Amino acid sequence: MTVNPADSPVLGALYGTDAMRAVMSETRFLQSMLDVEAALARAQARLGIVPAEAAAAITAAARAESLDLPALATATRNTGYPVVGLVKQLSALAGPEAGRWTHWGATTQDIMDSAVVLQLREALKLLRAELAATIQGFGRMARAHAGTVMAGRTHLQHALPVTFGYKVAIWLSPLITMQERLDQLEPRALRLQFGGAAGTLASLGEQGLAVHEELARELSLHPADITWHVARDGLAEVVTFCGLLCGALSKIATDIMLMMQTEVAEVNEPHVTGRGGSSTMPQKRNPISCEYILAQSRGVHALVGQMLSAMAQDLERGTGPWQTEPLVLGQTLVLTHGALAQARFLSEGLVVDPARMRHNLASTGGLIAGEQVMMGLAPVLGRGEAHHVVNRACDQAIAHGIPLAEALMQEEAVASQLDAAAVAALCEPESYLGSARQFVERVLARL
């Protein structure tokens, strides 16, 4: 039984993904702790600290399916952590001779933190793959629509003409940067935790750092420059990265949702029979993917603050903040992967309607060309006067429901300088796209 919709067998189809739930599950966490214990034994065997036979027996016994979960739950409830009960069971499974070498020189937090890092490594692989596919999808879209002219909007109002490819490139650029951030954060986040009781590895004497290095190699993790029991920036960076990524996805979802409004109808989510439907209104195609990108992103953004506040760890071992992290990490990664999966769906199948974009662009009778006309008239009339003339013409066009070009020709200052054909040419949105195409090309060059 679950109270979290992201883990529900029904609602979980809307939140998160099965792949990320498997990676961040308790079963995977238990196996990861066993993997760390077994790797520690093997690393210490190579250094002559633990008998090789004991390391082999511990490795063979380190299987989550062999654990007595009710007994482990009882032990966890009693001690506050699962490691004591887990080590007790692992030692018994390995046998009396090998079992006495388990957990040699380690502390509870070493095993739990390193296990979480192993999970994070797989989780970041999932994020990377989904992000790469989403980037490629939007990259194809930006390239295909680099010249598809549409109304650019500021404050939800027509502003200047842009292209749909330019809009998609604005979505795309932060996602490419997220890929770069992911490359940069992995060495900081995927670090071994191994410091012993107070972080100094005192129990291993002069061999402490040698064991640290060997264990890092065994687990294919980055060795840490110092124990990070109470320095949690690496894990916090993963969560804040997810917050940034979800923020970028939220921008995309918001734009698409606004463009899907019936009165705008410039794009639609990929159509699948019954998707986005209503129980009473058969005509509906609701922006389901956008809605769940936003819902999951808001969940992640709420968790970011929780993770950052958990960085206030006291002295050499935190009393409370560390225990907050498990409430954050799994949920954050599940929701982020879910939001990414919805974004990938959009990137690979968004239905674009260039004809509707053209219709909307023309719907104001050329008013969107206001700045364009002003800048065209400025060399003749001066910028200030050109602004006043075009502003009056816009007011007349709105008041009388006539095209801007017609209203402009009613202005003596314009009619005395330009003929109707020249004024009409000034109102053509295709000739006022600035560097839109070049910006698209610059973003695409980063792929």
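What you are looking at is a predicted structure, and each value in this text was computed from that prediction instead of being measured. (Residues numbered from 1 in each chain as written. Predicted model: local features only at pLDDT ≥ 70, side-chain atom pairs only at ≥ 80, totals over all residues. Heavy atoms only, no water.)

Our next topic: the pairing of strand β1 (residues 149-154). Side-chain positions along a regular strand alternate between the two faces of the sheet. Sheet topology places β1 next to strand β2 (residues 157-163); 5 bridges connect them, and they run antiparallel. In the strand pairing of β2, Thr-154 is matched with Gln-157. Hairpin connection, β1 to β2: the antiparallel pair is bridged by 2 residues, and His-155 has positive phi, about 55 degrees. (Pairing = 2+ DSSP bridges. Helix = DSSP H or I, 4+ residues; strand = E, 2+ residues; numbered from the N terminus.)

Another point: the packing of aromatic side chains. Here the structure, examined in full by the defined rule, presents 6 aromatic pairs. With a centroid separation of 5.6 Å and 75 degrees between ring planes, the pair formed by Phe-138 and Trp-171 is classed as edge-to-face. Here the residue Phe-138 occupies a position in helix α7 (residues 108-144), and Trp-171 occupies one in helix α8 (residues 164-189), the gap between them amounting to 33 residues. With a relative accessible area of 0%, Phe-138 lands in the buried category. Classification of Trp-171 as buried rests on a relative accessible area of 1%. (Phe/Tyr/Trp six-rings, centres within 6.5 Å; stacked < 30°, edge-to-face > 60°. Buried < 20%, exposed > 50% of the residue type's maximum accessible area, 1.4 Å probe, protein only.)

Let's shift gears to the pattern of salt bridges. One pass over the full model with this rule turns up 19 salt bridges. Between Glu-180 and Arg-446 there is a salt bridge; the shortest N-O distance is 3.2 Å. Within this pair, whereas Glu-180 is found in helix α8, its partner Arg-446 is found in the segment after α19 (436-444), the two being separated by 266 residues in sequence. The closest approach of N and O atoms between Glu-348 and Arg-344, which form a salt bridge, is 3.0 Å. Pair noted here: Glu-348 and Arg-344 are both in helix α12 (residues 321-349), with a separation of 4 residues, about one helical turn. The exposure class assigned to Glu-348 is partly exposed, which follows from its relative accessible area of 46%. A residue is classified by how much of its surface remains accessible, and Arg-344, at 28% relative accessible area, is partly exposed. (Salt bridge = Lys/Arg side-chain N within 4 Å of Asp/Glu carboxyl O.)

Remember that the coordinates give geometry; whether it matters functionally is a separate question.
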